[in-house]
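# Examination of the molecular architecture
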Amino acid sequence: GTADPSLAPVEIGWANDQGGSIVSEGPEATAAAQLAVNWINKYADGIGGHPLKLVTCFIQNSESEGKGCANQFLADPNIHVISYGATATGAQTIDAGIAGKIPIIEGFALNPSDVTNPNTYVLYTASPFDYYAWGTFAQQVLHAKSMAIVYPQGTGFQNSAQAAVVSAKSLGISVKSVGYDP
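In this report, the structure presented in the accompanying data block is examined.

Conventions adopted
Residues numbered from 1 in each chain as written. Predicted model: local features only at pLDDT ≥ 70, side-chain atom pairs only at ≥ 80, totals over all residues. Heavy atoms only, no water. Helix = DSSP H or I, 4+ residues; strand = E, 2+ residues; numbered from the N terminus. Buried < 20%, exposed > 50% of the residue type's maximum accessible area, 1.4 Å probe, protein only. Contact = heavy atoms within 4.5 Å. Areas by Shrake-Rupley, 256 points an atom, 1.4 Å probe, with all protein chains shown as cover. Lys, Arg positive; Asp, Glu negative; His and termini not counted. Charge placed at Lys NZ, Arg CZ, Asp CG, Glu CD. Axes fitted to C-alpha atoms, helices over the stretch in contact; angles between N-to-C directions. Left-handed = near helix turned anticlockwise from the far one by under 90°. Salt bridge = Lys/Arg side-chain N within 4 Å of Asp/Glu carboxyl O. Core = buried A, V, L, I, M, F, W, Y, C linked by side-chain atoms within 4.5 Å. Pairing = 2+ DSSP bridges.

## So, the overall build of the protein
- A count of helical and extended segments in the protein gives six helices and seven strands.
- Helices and strands in the protein line up, N terminus first, as β-α-β-α-β-α-β-α-β-α-β-α-β.
- Taken along its principal axes, the extent of the C-alpha atoms in the protein is 65 × 35 × 30 Å.
- Residues counted as buried form 41% of the 182 residues belonging to the protein.
- Long-range pairs, those at least 24 residues apart, make up 61% of the contacts in the protein between residues at least 6 apart in sequence.
- Accessible area for the protein stands at about 9400 Å²; split by element, carbon and sulfur atoms hold 59% of it.
- Of the side-chain charges in the protein, 7 are positive and 14 negative, and the distance between the mean point of each set is 9 Å.

And the structure:
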């Protein structure tokens, strides 16, 4: 059934890099999250009959904007959980600002602070661990002797590129790493 619109919504704080100069790793994450919320409200009775609602905060241009998101979420007494889309920039200041006061749940963590922040839960994996398998794949599947890592320069991307370099070099593959201005 559908959620009861007369009941107070269950709010989720939602942060994502989008709408500015930051090269987002997943600008479609917000649309996907909203699609899931719409489905839950239309077909799954909402949350205990209450409609689910995303309360969004977008990091557009700098890491410091994450502090504004943390303040926004902390000021809203109806937000009891936060989730990230593709938040490579801004997550460190959100993590520091929230400081464990509200649980943060992520499908994939893009920042080192995400895996050490109190009350933060990562469902799948965290960067840079996801890139460690690249060297194994290059060696065992592609039988590569050398490889190039080409990545956009920006917060979050360097860590991932460096993890791929470490992985390949540890297996004896020579690596050229090249960052470009997106």
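## Quick notes on the packing of helix H2 (residues 65-75) against helix H3 (residues 91-98)
- Contact geometry of H2 with H3 gives a least axis separation of 7 Å together with a crossing angle of 35 degrees. The handedness of the crossing between H2 and H3 comes out as right-handed. Listed contacts from H3 to Gly-66, Lys-67, Cys-69, Ala-70, Phe-73 and Leu-74 of H2 are Thr-93, Ile-94, Gly-97 and Ile-98.

## Some details on the side chain of Asn-41
- Note that Asn-41 resides in helix H1 (residues 29-43).
- On the basis of relative accessibility, which here comes to 16%, the residue Asn-41 falls in the buried class.
- For Asn-41, the residues in contact, after removing those within four places along its chain, are Gly-1, Thr-2, Ala-3, Gly-46, His-50, Pro-51 and Leu-52.

## Observations regarding the side chain of Glu-11
- Position of Glu-11 among the secondary structure elements: in strand E1 (residues 10-17).
- Despite its burial, Glu-11 remains without a salt bridge, the nearest opposite charge being carried by Lys-53 at 4.2 Å.

## Digging into the nonpolar core
- Core analysis: the biggest nonpolar cluster contains 16 residues, and Phe-73, Ile-82, Tyr-84, Ile-94 and Ile-98 have the highest contact counts within it.
- Listing elements by their share of this core, those giving two or more residues are strand E2 (52-59), H2, strand E3 (79-84) and H3.
- The residues contacting Ile-82, other than those within four sequence positions of it, are Gly-13, Phe-73, Ile-98, Ile-102, Pro-103, Ile-104 and Ile-105.
- Among the nonpolar cores identified, the runner-up in size contains 13 residues, and Ala-138, Ala-144, Ala-163 and Ile-173 belong to it.

## Some points on the environment of Thr-136
- With respect to the helices and strands, Thr-136 occurs in helix H5 (residues 133-140).
- Taking the C-alpha atoms as reference points, Thr-136 and Asp-17, separated by 119 residues in sequence, lie 30 Å from one another.

## A closer look at the environment of Gly-20
- For Gly-20, the location among the structural elements is in the loop between E1 and H1.
- For the pair Gly-20 and Ile-94, spaced 74 residues apart in sequence, the C-alpha to C-alpha distance is 18 Å.
- Excluding its chain neighbours within four sequence positions, the residues that come into contact with Gly-20 are Gln-60 and Asn-61.

## Description of the sheet that holds strand E5 (residues 120-126)
- Read across the sheet, five strands follow the order E2-E1-E3-E4-E5 without closing on themselves; strand pairing throughout is parallel. Edge strands, defined here as strands with exactly one partner in the open sheet, are E2 and E5. For this sheet, the mean inter-axis angle between neighbouring strands, taken without regard to orientation, is 20 degrees.
- With eight bridges joining them, E1 and E2 adopt parallel strand pairing. Each residue of the ladder has a partner; that of Asn-16, found in E2, is Phe-58.
- Contacts from H2 reach E1, E2 and E3 within the one sheet, and its direction differs from that of E2 by about 155 degrees.

In short, geometric facts, not functional conclusions.
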